[in-house]
Amino acid sequence: MTDTSTSAGTLSLTFTGDGAGTGPLTWAQSVMWGPMQWFGKEANQFNIGRALVLPAPVAPDRLTAVLRHLVETYQTLRTRYVQRADGPRQEVAATGAYDVVLVDDQGDPARVGDDLVATLTEAAFEHEAQWPLRVGCARDRAGRITAVALVGSHLAFDGWAFTTLTDLLLDRLTGAAPAPDAAPPAGGVPQPLAQAAFQRSPAGQQTSRLGLRHWEQGLSAAPASMFDLPTAPIGDQPVERHLLDSTAVTAAATALATRTRTSFSTVLLGLTTLILTAYNGHRTAVFKLIAGNRLDRDSRDLIALNTLDALLVHRVDDDVDLLTVIRQLHRPAFDAYRRAQCDPAEVRRVVERVGRRRGVAFDLSAYFNNGHRGSDWATPDPDPGPDRLAVLRRDSRYSRLEPLSKSDMRFYVAASNLGDGRCRLGLLVDTAYLPGALGETVIRGIETLLCAAVTEEVRVAEIAGRIGLAPARRGTDWVSTPVGWVRPQAVADLVGEVAGGVSAAALVDPTGDGGVTVYVAGSASPQELHRRVLDALPGRPGVAAPTEYVICRSAPPAGAGPDAWRDMPVLARGPGRDA
């Protein structure tokens, strides 16, 4: 450990910590690794930031001493994430240095702190070369630190971990926690290297197997996509982001959670599910839920990313009221969160295996995230009436963030607690699938339905009309099948494409379950065609493998129509699936 050195614009500190080593990524880190690589420079959208205005200025030496202690105590703060021949790994350093950006507070530490967070957030992290935390601070004319800005990579932190870290820093700077040189807690602190080791142990693998069983069961009944819809033209920035800050949401959702004996999260999830299914015409919803699962002391104290994807598959009944849906959803949502702890590499294999068995490529791009830490959504209005809700709604604030050029999510609803009874709803929508003003309609519709359900019965069948949501319009060339909505001609086009660019036609049995039979001219077997179709399905919502392939010697004459295929000489027919 060396003394702090100062230079213009920088505070520098070196550290020496225990527990250096290397290991595989944890399950949570593995889930985030792929999107980080895919987004590249645009991964800066995942950065997490917070500005801390200190109640009383502190000396620079105090700040660097507290930072050094945190870096030496928590492996995450001295970890690099690297690609190696055997896959991505986390590498924890024993020694190193941090440079802290130093700026003048200009007599306004709150504003300067926020500006500093914005500056530190602009660039994506280079995880092989940089620590996953950026620190800046503002100083007054006497050289004392008045505000601290922290920005973390989402590969290293989730909201819980980042809040824990910033609270620790603030408490130790203000003297509300043990001094920086205090001894660590008995047994040490939980660390991500130890978590990764547990996940590979027999006990960790047993936990994973239980989670994978949940995924397999859910996917066996799930639609292939929530976005099997006609697509709309898009521009260069097709992904919209909407925000609604609302005390009415907090008051109404809290009241409904009490009334249904569920939770704030279940209430919002229920509304999210109902609005999306009202739009896309589905009876069964499939969502990924962002699951933190900090259920024990070690996970609560872990300063590292700990979120995983949970799978929710839930059938929606049109002939009930909103509160009934919320009650029905509570247990499936609980089970989904409970079974989220599993190896994401194995999850991907399950998704692939079940998809190929059902003849689909799953598009699991609808997400929900209750980002609030804990369940205490404090509200001064635990049982508001319609007049009070109307007053609260007048203070709601809607805004839009800059759009994005791409996202691995097509639909994402998040809730976070801003304090003072305010809930921030965030919504991300891919306008190829939810075009026009649908984003604003959806996020405002959540508030509208919550408030209405507090004072009157809201039927599921009424939801679209109550919020002015125009359901997606599919032409008569779409059919409902056990795997979702399918456009038979698109299925035939795909079969003809993988058969070598030959003619093909799709016929639907009007008395059946919507299964599609494709007639195609060629010599490939049903089994070979099916394998080619499965390989070509990813990225094509609204297309699924046909239930049967009929291989004909030749195509009917041009203009003869689809039914003419039934009269052509047949070489082979069958489902193409393995027995």
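Refer to the structure above for everything that follows.
Analysis parameters
Residues numbered from 1 in each chain as written. Predicted model: local features only at pLDDT ≥ 70, side-chain atom pairs only at ≥ 80, totals over all residues. Heavy atoms only, no water. Phe/Tyr/Trp six-rings, centres within 6.5 Å; stacked < 30°, edge-to-face > 60°. Helix = DSSP H or I, 4+ residues; strand = E, 2+ residues; numbered from the N terminus. Buried < 20%, exposed > 50% of the residue type's maximum accessible area, 1.4 Å probe, protein only. 1 Å grid on protein atoms, 1.4 Å probe; cavity = no way out; pocket = protein on both sides within 12 Å on 5 of 7 lines; lining within 4 Å. Points joined across faces, edges and corners; volume = space filled by probe spheres on them. Nonpolar A, V, L, I, M, F, W, Y, C, P; charged D, E, K, R; others polar. Pairing = 2+ DSSP bridges. Axes fitted to C-alpha atoms, helices over the stretch in contact; angles between N-to-C directions. Contact = heavy atoms within 4.5 Å. Polar contact = N/O pair within 3.5 Å; in protein donor to acceptor, adjacent residues only side chain to side chain. Expected span 1.5 Å × (residues − 1). Salt bridge = Lys/Arg side-chain N within 4 Å of Asp/Glu carboxyl O.

Novice: What's the story with the packing of aromatic side chains in this structure? I'm lost.
Specialist: Aromatic ring pairs are described here by two measures, namely the spacing of the ring centres and the angle between the planes. All chains considered together, the criterion is met by eight aromatic pairs. Centroid distance Tyr98 to Trp131: 6.1 Å. Interplanar angle 15°. Geometry classified as stacked. Here Tyr98 is found in strand β7 (residues 95–104), whereas its partner Trp131 is found in the loop between α3 (109–121) and β8 (133–139), with 33 residues between them in sequence. Take Tyr98: its relative accessible area is 5%, and that puts it in the buried class. Relative to Phe411, the ring of Phe287 lies with its centre 6.4 Å away and its plane at 75°, an arrangement referred to as edge-to-face.

Novice: Would you take a moment to explain the layout of surface pockets for this structure?
Specialist: It is a probe the size of a water molecule, rolled over the atoms, that shows where empty space is left. Roughly 480 Å³ of volume is contained in the second largest pocket. Among the elements of the structure, α5 (192–199) and α9 (297–301) are those that each provide at least two residues to the lining of the second largest pocket. Examining the composition of the lining of the second largest pocket, we find that four residues originate from one element, α5, more than from any other. Looking at the lining of the second largest pocket, its residues break down into six nonpolar, eight polar and three charged.

Novice: Teacher, can you tell me more about the pairing of strand β13 (residues 366–370) here?
Specialist: Note on strand geometry: in a regular strand, side chains alternate between the two faces of the sheet. Burial within β13 is extensive, with four of its five residues counted as buried. Two elements, strand β11 (residues 284–291) and β13, share two bridges in a ladder whose sense is parallel. What sits directly across from Leu289, in β13, is Phe368.

Novice: Explain the sheet that holds strand β15 (residues 411–419) here, please?
Specialist: Through backbone hydrogen bonds, the strands of a sheet pair up, either in parallel or in antiparallel fashion. An order of β12-β11-β13-β15-β16-β10-β14 is seen for the seven strands of this open sheet, with the pairing classed as mixed. What marks the edges here is a single partner per strand, and that holds for β12 (308–315) and β14 (397–404). Averaged over all neighbouring strand pairs, the angle between strand axes comes to 20°, with direction disregarded. As paired strands, strand β10 (residues 239–246) and strand β16 (residues 422–430) are joined by eight bridges and run antiparallel to one another. Residue pairing for β16: Arg241 is matched across the bridge by Leu428. Helix α10 (residues 322–338) rests against β11, β12 and β13 of the sheet, and its axis sits at about 150° to β12.

Novice: How do you make sense of the side chain of Asn293 when you look at a structure like this?
Specialist: For Asn293, the position within the fold is in the loop between β11 and α9. For Asn293, a relative accessible area of 18% corresponds to the buried category. At a separation of 2.7 Å, a polar atom in the side chain of Asn293 contacts the main-chain carbonyl oxygen of Tyr337. Apart from the residues within four sequence positions on either side, Asn293 is in contact with Ser299, Asn306, Tyr337, Arg338, Ala340 and Gln341.

Novice: Which parts of the structure should I look at to understand helix α2 (residues 60–73)?
Specialist: Helical geometry: 3.6 residues make up each α-helical turn, so side chains three or four residues apart lie on a common side. The end-to-end C-alpha separation of α2 is 20 Å, in line with the 20 Å expected for 14 residues at 1.5 Å each. In terms of burial, α2 is largely enclosed, as 10 of its 14 residues are buried. Buried within α2 are the following residues: Leu63, Thr64, Val66, Leu67, Arg68, His69, Leu70, Val71, Glu72 and Thr73. In the core, the buried residues of α2 are packed alongside β2 (10–16), β7, β8, β9 (145–152) and α4 (159–174).

Novice: I tried to follow empty space enclosed by the protein on my own but got confused; where do I start?
Specialist: Here the structure, examined in full by the defined rule, presents one cavity of 30 Å³ or more. Quantified by volume, the largest cavity comes out at close to 50 Å³. Elements that contribute at least two residues to the lining of the largest cavity include exactly α2, β8 and α4. If one sorts the elements of the lining of the largest cavity by residue count, α2 sits on top with three residues. Residues belonging to the lining of the largest cavity are distributed by class as follows: nine nonpolar, no polar and no charged.

Novice: Just checking my understanding: could you explain the pattern of salt bridges for this structure?
Specialist: Pairing between side chains of opposite charge can happen when their charged atoms approach one another. Tallied over the full model, the rule gives 35 salt bridges. Linking Arg111 and Asp115 is a salt bridge whose minimum nitrogen-to-oxygen distance equals 3.2 Å. Separated by four residues within a single helix, Arg111 and Asp115 lie in helix α3, roughly one turn from each other. Note on Asp115: relative accessible area 40%, which makes it partly exposed. The closest approach of N and O atoms between Arg573 and Glu548, which form a salt bridge, is 3.3 Å. Taken as a pair, Arg573 in strand β22 (residues 570–574) and Glu548 in strand β21 (residues 548–552) lie far apart in primary sequence, 25 residues in all. Taking the relative accessible area as the measure of exposure, Glu548 reaches 23% and is therefore partly exposed.

Novice: Can you walk me through the sheet that holds strand β6 (residues 87–92) in this structure?
Specialist: Here three strands make up an open sheet; going across it, the order is β3-β6-β5 and the pairing antiparallel. With one partner strand each, in any of the chains shown, β3 (21–24) and β5 (79–84) form the two edges of the open sheet. Averaged over all pairs of adjacent strands, the angle between strand axes in this sheet comes to 30°, irrespective of strand direction. Pairing of β5 with β6, which is carried by six bridges, proceeds in the antiparallel orientation. Bridge assignment links Thr79 to a residue of β6, and that residue is Val92. Those strands touched by helix α1 (residues 27–39) are β5 and β6, and its axis lies near 65° from that of β5.

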